[in-house]
Each structure stands twice: as C-alpha cells, then as structure tokens.
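Commentary on secondary and tertiary structure
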Amino acid sequence: MNKKEFEAVIRLPAPIRYEYFIKKAADYEEVWGLFNAGWASAQDAEGNVLLPFYPNEKFAEAFAKNEWEGCKPKKIELRDFLEKWLPGMKVDGFKPSIFPTDTDSAVMDVDTLCEDIEEELEKY
C-alpha cells in the first residue's frame with residue numbers, strides 16, 4: 001500500500017473504514033491488534049472496555065501512540081479471532097473497536113462483527 005492510499009483510508013469515516021476492515025480481514029485472513037505485555041485497550045464514556053483491531057500491520061503501527069505508546073502490532077489469525085477472541089470478548093463484556101484513528105472508531109457488537117466477517121468470507 002502506498003502512502004497516498006494509506007492517508008486516504010485513514011481519512012474515511014468510521015463506517016467506511018469498518019467495511020474496509022471486513023474486506024481486508026477476509027482477503028488476508030488476519031486482523032491486527034496492539035500488544036505490549038498485554039493487549040491494548042481503552043474505555044468509552046460508559047466504562048465499556050474496547051479492544052482495538054486493524055486490517056493490517058501498517059495501520060496498527062500508525063496508531064500505536066498516546067495511551068498505546070510502546071505497543072507493537074501483533075497479528076491474529078482470522079479463524080482464532082472468530083472462534084476464540086470474539087466469543088471470549090462477548091463473555092468478558094468487551095467490545096471490538098474497529099480501526100480506531102485519532103478522530104473516531106467503529107465500536108461494534110461482537111455478534112454483528114462476527115456475522116459481517118462470516119458473510120464476507122462466504123463470497124470467497
């Protein structure tokens with residue numbers, strides 16, 4: 001991905017970045033989180049724990065700053081994400097924060113995210 005494409009994608013509104021995330025996750029069968037002696041997380045105004053996920057290493061690396069300073073991108077195989085991560089997050093009450101940038105994020109329900117990824121995978 002060139003710099004121009006990178007810049008264009010991060011400027012997209014959160015719902016469009018979410019769609020981009022779904023397509024890329026299905027294409028490459030992986031998602032990326034941020035890790036530093038534990039997975040990066042944040043809290044929303046209601047106190048929900050949010051875990052950030054990105055469609056590739058470059059995007060994850062670009063947002064490893066501020067409260068996530070020192071975190072490194074870490075790949076999660078898509079099958080593990082669907083079969084282990086998302087069910088575990090649902091049990092723990094955590095919410096996926098898809099492709100957060102400096103301005104916004106698509107905070108999703110675990111079931112919706114899982115359904116959207118599975119639906120995209122059916123196209124392959």
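For the structure, see preceding data.
Residues numbered from 1 in each chain as written. Predicted model: local features only at pLDDT ≥ 70, side-chain atom pairs only at ≥ 80, totals over all residues. Heavy atoms only, no water.

Tallied over the entire structure, the rule returns 11 salt bridges. Several salt bridges converge on common partners, so that one network encompasses Lys 23, Glu 120 and Lys 123. (Salt bridge = Lys/Arg side-chain N within 4 Å of Asp/Glu carboxyl O.)

This next bit is on the packing of aromatic side chains. Each pair of aromatic rings is reported with the distance of its centres and the angle of its planes. As enumerated under the stated definition, the model contains 10 aromatic pairs in all. Where Phe 53 meets Phe 81, the ring centres are 4.8 Å apart and the plane angle is 70°; that geometry is what we call edge-to-face. Of this pair, Phe 53 sits in strand E3 (residues 49–53) while Phe 81 sits in helix H4 (residues 78–92); the two residues are 28 residues apart in sequence, bridging distant segments of the chain. Side by side, Phe 53 and Phe 81 carry an identical accessibility label, which is buried. (Phe/Tyr/Trp six-rings, centres within 6.5 Å; stacked < 30°, edge-to-face > 60°. Helix = DSSP H or I, 4+ residues; strand = E, 2+ residues; numbered from the N terminus. Buried < 20%, exposed > 50% of the residue type's maximum accessible area, 1.4 Å probe, protein only.)

Right, let's talk about the side chain of Arg 17 for a bit. Its place among the elements puts Arg 17 in helix H2 (residues 14–28). We classify Arg 17 as buried; its relative accessible area is 1%. Leave out the neighbours within four places in its chain, and Arg 17 touches Val 9, Ile 10, Leu 12, Phe 99, Pro 100, Thr 101, Asp 104 and Ser 105. (Contact = heavy atoms within 4.5 Å.)

Right, let's talk about the pairing of strand E1 (residues 30–35) for a bit. Most of E1 is tucked away: 5 of the 6 residues are buried. Bridge count between E1 and strand E4 (residues 72–77): 6 bridges; the pairing is antiparallel. The residue of E4 that forms the bridge with Trp 32 is Lys 75. (Pairing = 2+ DSSP bridges.)

Soluble, globular proteins show a tendency: their nonpolar side chains are buried together. Of all hydrophobic cores here, the largest spans 36 residues; its most connected members are Phe 53, Tyr 54, Phe 81, Ile 98 and Leu 113. When contributions to this core are tallied by element, the ones reaching two or more residues are helix H1 (3–10), H2, E1, E3, helix H3 (57–62), H4 and helix H5 (110–121). Counting residues per element, this core draws most heavily on H2, at 7 residues. If near-sequence neighbours (up to four positions away) are discounted, Ile 98 is found in contact with Tyr 18, Phe 21, Phe 53, Ser 105, Ala 106, Met 108 and Leu 113. (Core = buried A, V, L, I, M, F, W, Y, C linked by side-chain atoms within 4.5 Å.)

Let's shift gears to the sheet that holds strand E2 (residues 42–43). Either a parallel or an antiparallel arrangement is found when strands of a sheet pair, and the pairing is made through backbone hydrogen bonds. The sheet built from 4 strands is open, its strands ordered E2-E3-E5-E6 with mixed pairing. Of all the strands in the sheet, the pair left with one neighbour each is E2 and strand E6 (106–107). Its contacts with the sheet put H4 on E3 and strand E5 (95–98), and the angle it makes with E3 is roughly 160°. (Axes fitted to C-alpha atoms, helices over the stretch in contact; angles between N-to-C directions.)

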